[in-house]
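Understanding the architecture of this molecule
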Amino acid sequence: MKFQTSLLSSASTLLAAALLAVSSAASAAGAHAGDHGDSPIGKPGVAAKVNRTIHVEMANGMRFKPSEIQVKKGETIRFVLKNTDGVKHEFSLGTEKELLEHYEVMKRFPDMEHDEPNKISLAPGKRGEVIWQFTKAEAVDFACLHPGHFDAGMKGQVTVAAK
């Protein structure tokens, strides 16, 4: 009986930890599946309304090239990302606070997969894209949040200028 009670207690603790992790991941990443309407970083863009394309390389040395990007308020940008490094990388747009919170979650769950319009993970040699509309004239950060990558300096910034 003691073993059953201990097993139930362990299962309950594990379930609570899993639910907390999912909840933390959701709040760290912001609203999921496209509800970024009031986000300080903008909102998911519409492919038919792309103003321009910016190519970003996820490069050796834990770097984005370029790491500094200039856009104008209201622009919809197609980020075409290519991972030229030998390890998996991620491109994640967010506020500094959102990125740091999500980085802590990624440290606990390094194999986490994302399905948000402001994030993409790419295996070595792969390409992908993020289409984003910048609705406010504020700086927007981006980073690779795989454990150790952010600490190694794999981050950058989009400067959003007023029109």
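To start, this report covers the structure provided alongside it. (Residues numbered from 1 in each chain as written. Predicted model: local features only at pLDDT ≥ 70, side-chain atom pairs only at ≥ 80, totals over all residues. Heavy atoms only, no water.)

Here's the deal with the overall build of the chain
Regarding its fold elements, the chain presents two helices and ten strands. Among the 163 residues that make up the chain, the fraction classed as buried is 37%. The long-range fraction of contacts in the chain, counting pairs at least 24 apart against all pairs at least 6 apart in sequence, stands at 77%. (Helix = DSSP H or I, 4+ residues; strand = E, 2+ residues; numbered from the N terminus. Buried < 20%, exposed > 50% of the residue type's maximum accessible area, 1.4 Å probe, protein only. Contact = heavy atoms within 4.5 Å.)

Section: the sheet that holds strand S6 (residues 89–94)
Reading across from one edge, S4-S10-S9-S6-S7 is the order of the five strands in this open sheet, with mixed pairing throughout. The open sheet has two free edges, formed respectively by strand S4 (68–72) and strand S7 (119–122), since each of these has just one partner strand. Pairs of neighbouring strands in the sheet enclose a mean axial angle of 20 degrees, with direction left out of account. One ladder, built from three bridges, connects S6 with strand S9 (residues 140–143); its direction is antiparallel. Bridge pairing links Ser92 to Ala143 in S9. The strands that helix H2 (residues 96–108) touches are S6, S7 and S9; relative to S6, the one it contacts most, it runs at about 145 degrees. (Pairing = 2+ DSSP bridges. Axes fitted to C-alpha atoms, helices over the stretch in contact; angles between N-to-C directions.)

Notes on the pairing of strand S2 (residues 52–59)
Within a regular strand, the side chains alternate between the two sheet faces. Inspection of the sheet shows S2 paired to strand S5 (residues 76–83) by seven bridges, in the parallel sense. Bridging across to S5, Val56 finds its partner in Leu81. Both S2 and strand S3 (residues 63–65) contribute to a ladder of three bridges, which runs antiparallel. Counted as the bridge partner of Ala59 is Arg63 from S3.

Some words on the sheet that holds S2
Two orientations exist for strands paired in a sheet by backbone hydrogen bonds: parallel and antiparallel. Spatial ordering of the open sheet is given by S1-S8-S5-S2-S3, a layout of five strands whose pairing is mixed. Whereas interior strands pair on both sides, the edge strands pair on one side only; in this sheet they are strand S1 (43–44) and S3.

Notes on the nonpolar core
With 24 residues, the main nonpolar core has Phe79, Leu81, Phe91, Leu93, Phe134 and Val158 as its most contacted residues. Sorting the residues of this core by element identifies S2, S4, S5, S6, S7, strand S8 (127–133), S9 and strand S10 (155–161) as the ones contributing at least two each. In terms of nonpolar packing, the next biggest core, distinct from the first, is built from eight residues, Tyr103, Met106, Met112 and Leu145 among them. (Core = buried A, V, L, I, M, F, W, Y, C linked by side-chain atoms within 4.5 Å.)

Regarding the packing of aromatic side chains
This model, assessed by the stated rule, comprises six aromatic pairs. Their ring planes at 45 degrees and their centres at 5.2 Å tell us that Phe79 and Phe91 sit as a pair that is tilted. Pair noted here: Phe79 is in strand S5 and Phe91 is in strand S6, with a separation of twelve residues, a long-range link. Under the relative-accessibility criterion, Phe91 is labelled buried at 0%. On the numbers, 5.2 Å between centres and 45 degrees between planes, the contact of Tyr103 with Phe150 is tilted. Of the two residues, Tyr103 sits in helix H2 while Phe150 sits in the loop between S9 and S10, which places them 47 residues apart along the sequence. The burial state of Tyr103 is the same as that of Phe150; both residues are buried. Through successive ring pairs, a cluster of aromatic residues spans Phe64, Phe79, Phe91, Phe134 and Phe142. Positioned above the aromatic ring of Phe150 is the side chain of Lys155, whose terminal nitrogen or guanidinium carbon lies 4.2 Å from the ring centre. (Phe/Tyr/Trp six-rings, centres within 6.5 Å; stacked < 30°, edge-to-face > 60°. Lys NZ or Arg CZ within 6 Å of the ring centre and 35° of its normal.)

Thoughts on unusual backbone geometry
Of note, the bond from Lys65 into Pro66 is cis; its omega dihedral lies within 30 degrees of zero at 0 degrees. As for its position among the elements, Pro66 is in the loop between S3 and S4. One non-glycine residue, Met62, adopts positive backbone phi at about 55 degrees. Within the secondary structure layout, Met62 lies in the loop between S2 and S3.

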